[in-house]
Every structure is written in structure tokens, then in C-alpha cells.
Amino acid sequence: MRRRLLAAVAALALLAGVAPQAVAASTYEVQPGHASENFALTGGRAGAVTIVTDAAVLETFGAWIASESSRGEVVASVRTDVTDPGTQIARARVDLGERGGTGAGWLEFDLGVALAPGHEYTIVLEARGTDGEVIWHGNRSRVPGAIPSWNYDLEHWGGWVQYGRGRAAHLTNWNLAFYVDDALSEHGCAGLNECWRHVPAAERHVYPAGLIGAPGRPHALTAYAATGASYVPGSSVLALPGGPWLYAPGEGGDPVVVAAGDPGALAQIEESRAWLASGSVPGRTPGDRELAERALLDLRLLLQESGAVAAAWRSAWKYSWPRDSAFVAVALARAGHLEEARRILAYQDATLRRDCTGRQANCLVGTWDARTRLDGSGPPDDRPWQLDANGFVPWAVWQYLQALPTSERAAAAAEFYDMVRLAADVAASSLSEAGLPPARPDYWETSYPAPNLGTAAPLLAGLRAAAAIAETTGRFADADRWFAAADRLAAGIEAAFGRIGYQRTIVEGSGSDSAIAWLAPPFNPADESMWEAIDATWRVLLEPTGGVTPGAQWPRSESWTPETMFFALAWAHGKTPERAAQLVDWLDSHRTAVGAFPEKVTAEGDPADAATLAWTAALTLLTLEALADPLPTPPAGPAREVTGDPAVEPAAGTAGEPGTAGGEGVADPADVADLAGAADVADAADAAGADAAGAVSPTGAGARETRPRAGVLLTGLVLGGLLLATAGTTLIRRRRPD
């Protein structure tokens, strides 16, 4: 025990000349919760906790501190009256600069001061001489028996205030994280491997900084936990500084620190390695294969038993997006993990909207919600649905079929054909007379009153993929109809987007967009002019850090890792695979301390936001796969000779019957038009006659009005005048709650 209950020392408390406060009813020696940033200790501010201990000597006081300062000190003082510095009976300091400056964890102060057991004392912390914030963490929920914390802020409070009382009565449950002596554990913070440690400034902007856990049961790592740690090779068990391991038991328990070689952790390591060995780990070099290994293991953690794929393991990212899931399914299928890929596609099948009863305002049969809860119980909010899923999911099904043994393809195609049919019919029916889809939110997750490339490009791939599936399974009427729709869409993309350099929308001035990469393999065939357009877009979007922004109109200087890897995946299938390899190396150099894949890279070159992001991990795997063996691309036309003029509208028939389409559950084309025209911001487009410029015709999808192309371009210019005034004003950061 660290306490020294010496009678002679206890007597010193009575000779100190400063009387402690009245005896408390019980001890208050520890409050371990530290998830919240409670009090700043810089700029003349301070925080304090009241302690009650039965010890005669207070040897050590610990507080959970996070520092963004490269220098300065944190000073702890023991007082009998928090508001009166003259009642100080002990003082200690910790030099942050000597410990690396930036960092986090339990910061211990050696006090060695005699106390009167059972009496109240206040420990005051303040930071001095700093060049960045120093925060005392705590929690913001009720702690039974807690004594309210104190905050000193002269500008805000006018001095000291006790939370939960007076002016701060509404802040009852803000409790600072602290402990005295061995109240946290027998060996203090060292016993939990949570003592304060230097965290490089480059890691401060990312959370989580990595993942541990078992399949479908991930746990987020803070930058603090990741610092100085590394994964045991081939696993999601973390080797911590000093030798112990951190792992989460497979039955869903909280992470625990164990000795290296712990039997439970070893069993989890062996199981992970066996899973990796059951498939393939792509890569040209050992470094590439380590990168791919981490991507595979993190995706396995994020893949739920339901088949939902969490975008990342952080609050607003803990949902499943059809777009991200499609990429993960293909990446796992290509790596030989076919059952996991099938589970993801089955989840998409289960969450495809086949009944919109009671949800007409933001629902269309044959489409997906923008995102769903991981248990498949529906969307978490009314975020507008995104039509690009109707392209990405059929594309993923087609890629999955190509990865299967030939003998298994027919059964798999039958399993998912109804989903593909519904999705493709909606995609085909959504096209206007100009051959373009309606103005729907895309991967930017923004509303914009004009057709965008982020929807058109994946729909083109999806229609071709659906047609190829139909053709190979003998459903020739479906195949002909969807290939014909794809031809119309391809012509519309070239006419509307190609004339302005494949910008974000059909409106001149909407700026280059990284979605152009989806007009190249493995999504769509590309000719030389398309590769030139992709290269030109890259040059426009390139950031000084080496990655790209989503588009030229993006309001912040930051690189997004998924968008950067769009180009890597495309180039891996083109004439410059070395550029793809360079981007793989770039991403590798911007991973977190433990190798997780961040969503973004700041202007300073640091990983930021959530890691691992499933979409980025999947794109990285696909790029590494393609560098060794390019993925197939859905064909641009039928493999057989086609005669006649196939209709674009869904034909009557029974779902799944060869040579037919439509049937019960197929979206009414008029519903597509109504919703596309009414959703979000399309009223302005309708007022400008935007149906001819690419929005859905108000007379219903598939209408056959004949209108001169000059009229189309003129209407587009009118629409452009309306749109340019609002360009860039409705941006919403991806993955953030509205």
C-alpha cells in the first residue's frame, strides 16, 4: 500500500496552522471517468476537486490531463478553502515540456502532505507558461457520492464557482477525473497502463485512432491508447508500450490489459490469422501486405453479424451506407472472403425499400435509405435518400459473381436478382429525356438542384452490371432494356457533363469532381479522352499534402482519403499503374500511429476524423488487388446481337422470371418523377424547365417528347444562372449529423 498511516505524520496536520473543513460523511478518493473535456486550465483558468480520504498522508494525486501545449507546467496545490490561496498547505508541479509537451493520461503529482483523515481538502490545478490548451477531463453524468467540482474563470464566472450550485446549478453532473494514492488501482495509473504519455501533435485530430475487438464487435482506440503501441502481427490485439497486450474478449467484453502471451488473447490472434489465411492478402511488398492485412482485419471488425458495415466506429459514423458497403463487399470477395461479401449483399437486399407505406415523403420503392442502423431497423433520421446506391449495389453484385467459382454463380445470381431488378428498373426509369438522372444527393451528401456526376457515373456502371447479370441468366428482355437505358445515360453524360469537362453537375462553374474516376474501370470502360479528363481533374483537386478534395467547390483545404483512392483505383486499371502505387504509398504514410485508415488528412498532413474508415480500407484493398490482377469492368453492351428497340420503362411480368421484368413492387415512374422533382431543392430547377436539362420530366420518367438539343442547352444555361448563385452554400460534411 502506498499510504503511510504514521501517527507522527498525522500530527503534523494539526500543526500546519490551517484548519481543514468539517468532517465529511464518507470518503471521496476517486472518480475515474474521463471521456469529456471538462475544464481548461490555461489563460488564467483553473479547476479543483474536493477530496475526502481516510489517510493521514496524501502522497500522490492523479488527474486525467490532455495537453496541446509544447511547453509550460501544471501546478497542483492543496487547500483547505478553494477560494483562498492563503490556505494552501502543499504544492507540486509537473513540467510538460520535459514530457514532450502534447499528450494525455493520468498526470501524477507527488505531494507528500499530512492530512486530517476524514476531512475535506481541495486540490487546485492550473497550467502556466503554455502555448496551447491544457484540459482537465472528467465525465458529465451522475456519480453517486461525488462532491461537485470547482471551476475558476474570472471572465465567465467572475471567479470560483462550484458546479451544480448557484450560477452553475445547471451543470450538476460535471465531475473531474482524479484519484488519490492507490484509489484508482493498487499501483496507480501504472497498474492500468494509463499514465500520462506524450502523444505526437500529428495524432491529435483523429478519433478513433484505430480498432481492437472481435468480428462485429469493435472497440475504438483513442490517440492516447495508440501512441507507442502496435498490433501483434496478423491480429487486432494491441501490444502496448512496456510489453502488455490490450484486447477485447470475443464474447463482447470491454478491452482488458493482459500480460503478453495471455491465453485468451493468443486464441484471438490465432483465429484472426486463420481467417486471413483462408483468403488472400494482396500486395507487391511486405509493406503493402501489412497495409492490406490491417485493412482486412479492420473491415472484419466493422462488419456486423447482420451484414451491415459500419462506416467507422464513431458516433455519427456508426451506420451502414449502401455505397460504402458495396465497396467493402467487392474488396472482401476479391480477397477470397466470399461468405462475408455475401452477407453484406444480403443486408442490402434486406434493406432495399420494397414498401413505403407511411414513408412517402422520403421513400421510393426500389431504393435505399441514405444510411441505416446497424441492426437493419431503418434509418436514424430523414436524411434524403441517394440514388447512387442503385448503381453501386448492382455493380457490387456483378463483381461478387465474377469472384465466385463458375459453378456457384447461377445460385448467387438467383439470390440477388430481385434486388438487382428493382434497383435497375428505378435507375432506368429515373432518366430524363436528356438521358440523365434527377438531382439527388450523392456522396457529398448535399442537396443541389441539378444532376450530378456522383449519381450519373455509378448508375451507368450499375445499369451495365445489371444488364450483364440478366443476360448471363437468360433474362434477355431485362438485359436489353437496361443496356438501352445505359446507352441513353452514357450519351447524356457525354453531352451534359463532357461538354464542360466533367464537372460536379451539368452546370458550368460547379467545378471538377473526384467522381469522374467512376467513369473509368472497374466501373465503366474509358477511352483516351476520358483518361485525359481524369488526369486534368486530379491536377485541379490536388492538395499540397498529396491527396485530393472531393471537388473544386469543397470549402476546406484538406485531403480526403476515399476520394484520393478513387484515382488510385482508376489508375491501377489504366496505363499508369505506377501512379496508383504512389498513392498507396501516400496513404500508408498518412495512417495513424497503429496503421488505421483515416477519413481525412489535414492541411498540415496529419490524419484526421475517424479511423479506420471502411470505404478507404476497401478502396485500398481493391487498388492493391488491381495492381496485381485488374478487376473486370461491366460490359458496355450485350454479348449477343440485339434487334428491335427495347423499351426503357419496366415491362409487365413476374419478378425473377426469365425474359420478364417489373411485377409487383416495381416503382411507378411517376413516383420517381414526383419525388425527384419535389425533394430537397428541385423546385428552382422545375421553375427553370430543368427537365430538359437533365432533371426528371414532370410528365413522368420515360416520356418521349421530342425537343431540339439547342433547347436543352438553352434551358441548361437558364438553370445555370439560378444555380451559380447558390453553389457551395449547402455543403454538409460527410458523416456528420445534420
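All figures in this text were calculated on a predicted structure; none of them were measured in a lab.

Basis of the calculations
- Counting restarts for each chain: residues are numbered from 1 in the order of the written sequence.
- For a predicted model such as this one, the threshold for reporting local features is a pLDDT of at least 70, and the threshold for listing and counting side-chain atom pairs is 80 or more; totals across whole chains, interfaces and linings nevertheless cover every residue.
- Hydrogens and water molecules were not included; the side-chain quantities draw on all heavy atoms of the structure.
- Every helix listed is a DSSP run of H or I at least four residues long, and every strand listed is a run of E at least two residues long, numbered separately from the N terminus.
- Accessible area is worked out with a 1.4 Å probe on protein chains only. A residue is then buried under 20% of its type maximum, exposed over 50%, and partly exposed in between.
- Between two residues, a contact is recorded if the distance between any of their heavy atoms is within 4.5 Å.
- Method for areas: the Shrake-Rupley scheme with a 1.4 Å probe, in which residue coverage is limited to the protein chains shown.
- Cysteine sulfur atoms that pair up within 2.5 Å are treated as a disulfide.
- Here, the term nonpolar core denotes a set of buried Ala, Val, Leu, Ile, Met, Phe, Trp, Tyr and Cys residues that are joined through side-chain atoms within 4.5 Å.
- Two strands qualify as a pair provided DSSP detects at least 2 bridges between them.
- To get an axis, a line is fitted to the C-alpha atoms, and for a helix only the part in contact is used. The angle between two axes follows their N-to-C directions and goes from 0 to 180 degrees.

Engineer: How do you make sense of the overall build of the chain when you look at a structure like this?
Structural biologist: Helix and strand content of the chain: 17 helices and 23 strands. Considering the chain as a whole, with its 738 residues, one finds that 58% of them fall into the buried category. Look at the contacts in the chain between residues 6 or more apart in sequence, and 72% of them connect residues 24 or more apart. A total accessible area of about 26,700 Å² is found for the chain, and carbon and sulfur atoms account for 53% of it.

Engineer: Would you mind going over unusual backbone geometry with me for this structure?
Structural biologist: The general pattern is negative phi for most residues beyond glycine and trans for most peptide bonds. In the segment running from Tyr-207 into Pro-208, the intervening peptide bond is cis, with an omega of -10°. In this structure, Pro-208 sits in strand E15 (residues 206-214). Between Ala-611 and the following residue, Thr-612, the backbone shows a cis peptide bond with an omega angle of 0°. Inspection of the secondary structure puts Thr-612 in the loop between strand E23 (607-611) and helix H14 (614-628).

Engineer: How do you make sense of helix H12 (residues 561-571) when you look at a structure like this?
Structural biologist: Residue pairs spaced three or four apart in an α-helix point in one direction, given the helix's 3.6 residues per turn. Most of H12 is tucked away, with 11 of its 11 residues classed as buried. When we look at burial in H12, the residues that qualify are Thr-561, Pro-562, Glu-563, Thr-564, Met-565, Phe-566, Phe-567, Ala-568, Leu-569, Ala-570 and Trp-571. Residues of H12 that are buried sit in contact with helix H11 (528-541), strand E21 (559-560), helix H13 (577-589), strand E22 (598-601) and H14.

Engineer: Could you clarify how one ought to interpret the state of the cysteines in this entry?
Structural biologist: Joining two cysteines, a disulfide is a covalent bond between their sulfur atoms. Inspection of the entire model under this criterion finds 2 disulfides. Bridging Cys-189 to Cys-195, the disulfide has an S-S length of 1.9 Å. One quick way to see it: the torsion about the S-S bond of Cys-189 and Cys-195 is about 90°, and its sign makes the bridge right-handed. Judged by its relative accessible area of 1%, Cys-189 falls in the buried class. Given a relative accessible area of 26%, Cys-195 falls into the partly exposed group.

Engineer: Is there a simple way to explain the nonpolar core in this structure?
Structural biologist: By size, the foremost hydrophobic cluster in this structure holds 136 residues, and its most contacted members are Trp-518 and Phe-567. Examining the composition of this core, we find that 13 residues originate from one element, helix H9 (residues 453-472), more than from any other. If you look at the next biggest cluster of nonpolar residues, it comprises 40 residues, including Ala-63, Ala-76, Val-161 and Phe-178.

Engineer: What exactly am I supposed to notice about the sheet that holds strand E18 (residues 238-239) here?
Structural biologist: Strand-to-strand pairing in sheets goes through backbone hydrogen bonds, with the strands running parallel or antiparallel. Reading across the sheet, the 4 strands line up as E17-E18-E19-E20 and stay open at both edges, with antiparallel pairing between neighbours. Single-partner strands in this sheet number two, and they are strand E17 (230-231) and strand E20 (256-258). By the bridge criterion, 2 bridges tie E18 to strand E19 (residues 245-247) in an arrangement that is antiparallel. Bridge pairing links Leu-238 to Leu-246 in E19. Contacts from helix H3 (residues 263-277) reach E19 and E20, with the element oriented near 65° to E19.

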